[in-house]
Amino acid sequence: MITKKSKKKGSKKGTKKDDKKGAKTISLKEGWERINKVGILPFFERVENMDNEGELQKISIDKQQYIEVYDTIFTMCIQREPNNHSGQLYQRHSEALTKQFKEKFIPILQSVKNEQGVVFLKEWEKRWRCNKWDVQGMTRMFMYLDRFHVPNSEDLLNTSEQGYTLYRQNVFEQFKETARGAVLSCIQRERDGEEQDRDLLRDSILVYVELGNKLKKVELQIYKEDFHKALVAQTKQYYKQKSRFWLDQQTCPEYLIQAEKCVQDEEGRLASYIDKYSNDGLMTATRDEILKNHQDELLLTKKSGIDSILERTVGTEAQASREDLSRIYRLYTPVPEGNPKVAEAIKAHVCKLGMGFIEASKAAKDADAHKLITQLIDLHDRFLKIVKVQFQEEAVYHKALKEAFETFINKEYYVSALLARYANDLLKKGSKLSSSTNLENTMDHVVMLYGYIRDKDIFERDYQMYLASRLLQNLSESEQSERSMIGKLKNEAGYHWTSKLEDMFKDIQRSKELMDGFKQKHTDFHTELNVSVCTTGAWPEASIQPVKVPSDIGMVSEAFKTYYLSRFSGRKLRYQMNKGKADVQVQFNAKCKKILTCSTYQMLVLLLFNNKTTWTFKEMQDATGIPKEDLQVAALSMAHPKVKVMRKAPNTKDIGDDHKFQINPKYTNPRAKIPIPTLNIKSNKPEQDDKNMEAIY
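Read on for an overview of the structure. Note that this is a predicted model, so its numbers are computed, not measured.

Some thoughts on the overall build of the protein
1) Next: Secondary structure summary: the protein contains 28 helices and six strands in total.
2) Next: For 697 residues, the compact-globule estimate of 2.2 N^0.38 gives 26 Å, and the C-alpha radius of gyration of the protein, at 49 Å, exceeds that figure by more than 25%.
3) Next: Oriented by its inertia axes, the alpha-carbon framework of the protein measures out at about 155 × 65 × 40 Å.
4) Next: Here the protein, with 697 residues, has 47% of them falling under the buried criterion.
5) Next: Summing over all exposed atoms, the protein offers an accessible surface of approximately 37300 Å²; the carbon and sulfur share of this is 48%.
6) Next: Separation between the mean location of the 113 positive side-chain charges and that of the 98 negative ones in the protein comes to 4 Å.

Structural data, given as structure tokens:
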């Protein structure tokens, strides 16, 4: 025996230790019998007696016995050739596990193979736990093989991977289909409402996942091939049958509720016991069979489909229908091309409603001037809220709403004119529209409707004309509202057109400053004058008609003109008498004196009666120079039966050169200041004028 310590490294060090201990050479037969009897068999027995919680029984192997097993394996692996038994021990390790699987695992699984699915799965899951303990224990006993023998040998797996490979070959492959069938059967029963042991299902499915993870280059391949594909196929078949049954029996809203429950249930299974790898495949199969494959039939064909739901978004069922729309969005957002199809259906529905309003408006021949625009604003407000809330501002729905309005709003050019007229009444002082609506919200909708108009010239021309009238006659409800509207239009249309509107405001502001300066300089006039100086190009173009004015009006007008030109040399100033208004005090009789608020043309007519009491129409035209048609409007407006400021002979609705006019000496009105309307005789609708008068008085 060599007793001197050697400082040399390598395998000889082990030999020296062996020699120092004086241990004799261990034969394969002797060593294996000791390893099997003292280590392997007692350990396998402990694993088989595992309790219900999967814990090994607290029976420890004697420490000296464990050391004896480990030392035996160690010694057999470091002995010199031909007594180095590393290869034989690796082989015996595999044979021991194989024997355990065949004698213990397979018979037990075979005995419950034909039992109810749950019974088999309990044993399937238990065998997997036993296998993990067996492989782990054997790996610890034979760890010396993994440290030296396996790395130095070709094509050998480490003892752990070898153990799981043997399990796969001997046990898993034989029973995987039975286990898969049992799991899928439990899933189907759960879908049908029968409660299942989700912990057991999770652990049973984990066998497919964990076995792959234990094997290099396999990983999830086992789960994909042996479980996932069958799960997806079964899911598709299940929901294919169920969806057809539900579709035949339920309304669209009922079906959507059922579909959402199924989707949520499948998501719950994924969260509880199905591996996350199956998320995409399982949810796609579910949504395809329940939603995608029936989308057209569900939403478009069924009487209770999308049209019916959208129709119920007003009235007593509005809340329920909006919940249905939210559910449609939640369900179809994950479905490829799901939202675009829904958006197209909504576009068609909005188009149908919009065209219906326009056709009804044409048939009614504008009986209510604002009815159509009010309907379109209500329609837009209703569906814009749905897009924002129920469809969470998804771009495809915004696009559908825009295209729907563009489709029908451009069918008729007169919609642009009606919209401009509506905007005028909305911003006009004393308008019922401005007092009965949320002004800012309504302005937003007006601008949105304007944005849908392709040929914007009509609206822009009319809006500018109405704005000019409001500014010149001080009819705006609020300057702030006017500026807010222009700002909204600028955001929609850009700077080019709205810059003219802003210039109109600047002209009015400068005019106020000019009038302050003029009044400070001229305090001797009995007639109060207010002039708005409008820059050519910024305001709507209009021909200037020269008229004859009384001397008192002419004096103050010329005085302002001189004052203006002294401030701005090189400019021209011309009066447009057809754009203004005046307050005229009229003495109807000894006891009745009233102030009439009228147009400047009406003012010129009234001032004629300072000279004589009766005038023919021809005489009035010669004396004032007012164009014939405009004079007819001014005179007939004051002689209207609802107004009666003047008397006309003969008392007819038409007018001739020899028809005579007088101030009405019997005029009465409880108010001190009376507005005189200007009728539109061009419309040739006297009955409409009567209605307008009734609204005014």
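Observations concerning the packing of helix H25 (residues 600-608) against helix H27 (residues 628-639)
1) Next: In the contact formed by H25 and H27, the axes pass within 9 Å of each other and the chain directions differ by 70°. Viewed along their axes, H25 and H27 adopt a mutual orientation that is roughly perpendicular. Where H25 abuts H27, its residues Tyr 601, Gln 602, Val 605 and Leu 606 lie against Asp 630, Leu 631, Ala 634, Ser 637 and Met 638.
2) Next: Class assignment of the residues belonging to the contact of H25 with H27 gives a composition of six nonpolar, two polar and one charged.

With respect to the sheet that holds strand E3 (residues 614-616)
1) Next: With respect to topology, three strands assemble into an open sheet ordered E3-E5-E4, the strand pairing being antiparallel. At either margin of the open sheet sits one strand with a lone partner, and together these are E3 and strand E4 (646-649). When strand polarity is set aside, the average angle formed by the axes of neighbouring strands in this sheet is 25°.
2) Next: Pairing between E4 and strand E5 (residues 660-663): four bridges, direction antiparallel. Across the sheet, residue Lys 648 finds its bridge partner in E5, namely Phe 661.
3) Next: Lying on the sheet, H27 is in contact with E4 and E5; it crosses E4 at an angle near 105°.

Examining the sheet that holds strand E1 (residues 581-587)
1) Next: The mixed open sheet is built from three strands, whose spatial order is E1-E2-E6. The strands lining the two open edges of the sheet, one partner per strand, are E1 and strand E6 (673-675). Ignoring which end each strand starts from, the neighbouring axes of this sheet average 25° apart.
2) Next: As paired strands, strand E2 (residues 593-599) and E6 are joined by three bridges and run parallel to one another. Residue pairing for E6: Thr 597 is matched across the bridge by Pro 675.

As for the pattern of salt bridges
1) Next: The full count for this structure, using the stated rule, is 46 salt bridges.
2) Next: For Lys 176, the salt bridge is made with Glu 173, and the minimal N-O distance between the two is 2.8 Å. Highlighted residues: Lys 176 and Glu 173, both in helix H7 (residues 159-191), separated by three residues, approximately one helical turn.
3) Next: According to the relative accessible area criterion, Lys 176 is buried, its value standing at 13%.
4) Next: By relative accessible area, Glu 173 is classed as partly exposed at 34%.
5) Next: Between Asp 462 and Arg 461 there is a salt bridge; the shortest N-O distance is 2.9 Å.
6) Next: A single network of salt bridges, built from pairs that share partners, joins Glu 260, Arg 312, Glu 317, Asp 324, Arg 327 and Arg 330.

Cut-off values and rules
- Residues numbered from 1 in each chain as written.
- Predicted model: local features only at pLDDT ≥ 70, side-chain atom pairs only at ≥ 80, totals over all residues.
- Heavy atoms only, no water.
- Helix = DSSP H or I, 4+ residues; strand = E, 2+ residues; numbered from the N terminus.
- Rg over C-alpha atoms; globule rule 2.2 N^0.38 Å.
- Buried < 20%, exposed > 50% of the residue type's maximum accessible area, 1.4 Å probe, protein only.
- Areas by Shrake-Rupley, 256 points an atom, 1.4 Å probe, with all protein chains shown as cover.
- Lys, Arg positive; Asp, Glu negative; His and termini not counted.
- Charge placed at Lys NZ, Arg CZ, Asp CG, Glu CD.
- Axes fitted to C-alpha atoms, helices over the stretch in contact; angles between N-to-C directions.
- Parallel < 35°, antiparallel > 145°, perpendicular 65-115°, else oblique.
- Contact = heavy atoms within 4.5 Å.
- Nonpolar A, V, L, I, M, F, W, Y, C, P; charged D, E, K, R; others polar.
- Pairing = 2+ DSSP bridges.
- Salt bridge = Lys/Arg side-chain N within 4 Å of Asp/Glu carboxyl O.

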